[in-house]
Amino acid sequence: MHIIIAIAFVLIIASMASALYFMMHDRGRTKRMVWSLATRVGLSISLFLFILIAHWLGWIQYNRIPLGH
């Protein structure tokens with residue numbers, strides 16, 4: 001489970017890096033930056049939903065130690 005979440009984070013960061021690259025080199029002439037950012041949003045939403053579903057199915061559990069102790 002940790003590997004899947006780590007890979008998703010790496011993909012999100014790579015999408016942000018590609019958007020920065022396209023912003024610097026295309027200078028607004030193409031929509032590649034917009035597609036990179038849209039991909040990042042899609043990956044982020046997918047990761048969030050995956051974590052919620054994994055918790056609901058019991059694949060992951062949160063730590064039951066109370067905060068402040």
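Refer to the structure presented above.
This section reports on the structure supplied with the text. (Residues numbered from 1 in each chain as written. Predicted model: local features only at pLDDT ≥ 70, side-chain atom pairs only at ≥ 80, totals over all residues. Heavy atoms only, no water.)

The subject of this paragraph is the overall build of the protein. Along the backbone of the protein there are two helices and zero strands. Relative to the globule expectation of 11 Å for 69 residues, the C-alpha radius of gyration of the protein, 17 Å, shows a markedly less compact shape. Considering only C-alpha atoms, the protein reaches an extent of 50 × 25 × 15 Å along its principal axes. Buried residues in the protein amount to 14% of all 69 residues. Of the contacts formed within the protein by residues at least 6 apart in sequence, a portion of 53% connects residues at least 24 apart. Per element, the accessible surface of the protein, about 5900 Å² overall, is 73% carbon and sulfur. (Helix = DSSP H or I, 4+ residues; strand = E, 2+ residues; numbered from the N terminus. Rg over C-alpha atoms; globule rule 2.2 N^0.38 Å. Buried < 20%, exposed > 50% of the residue type's maximum accessible area, 1.4 Å probe, protein only. Contact = heavy atoms within 4.5 Å. Areas by Shrake-Rupley, 256 points an atom, 1.4 Å probe, with all protein chains shown as cover.)

Turning to its location among the elements, Ser 36 is positioned in helix α2 (residues 32–57). Within the local environment of Ser 36, its side chain forms a polar contact with the side chain of Ser 18, the two groups lying 3.1 Å apart. Here Ser 36 is in contact with Ser 15, Ser 18, Ala 19 and Phe 22, once residues within four sequence places are set aside. (Polar contact = N/O pair within 3.5 Å; in protein donor to acceptor, adjacent residues only side chain to side chain.)

Attention now goes to α2. Between its first and last C-alpha, α2 extends 37 Å over 26 residues, near the 38 Å set by a 1.5 Å rise per residue. Every buried residue of α2 is listed here: Ser 36, Leu 47 and Ala 54. Contacts made by the buried residues of α2 are with α1 (2–26). Directly beyond the C-terminal end of α2, a positive phi value near 90° is found at Gly 58. (Expected span 1.5 Å × (residues − 1).)

Here the focus is the packing of aromatic side chains. Scanning the entire structure with this criterion turns up one aromatic pair. A ring pair is formed by Tyr 21 and Phe 22, whose centres lie 5.8 Å apart and whose planes are at 65°; its orientation type is edge-to-face. Its relative accessible area of 46% is what places Tyr 21 among the partly exposed residues. Owing to a relative accessible area of 18%, Phe 22 belongs among the buried residues under this scheme. (Phe/Tyr/Trp six-rings, centres within 6.5 Å; stacked < 30°, edge-to-face > 60°.)

On to the environment of Arg 32, then. Mapped onto the elements of the fold, Arg 32 is located in helix α2. Residue Arg 32 is classed as partly exposed on the basis of its relative accessible area of 40%. On a C-alpha basis, the gap between Arg 32 and Leu 11 in space is 16 Å, while along the polypeptide they are 21 residues apart. Once you skip the residues sitting within four places of it in the chain, Arg 32 turns out to touch Phe 22 and Asp 26. A polar atom in the side chain of Arg 32 sits 2.7 Å from the side chain of Asp 26.

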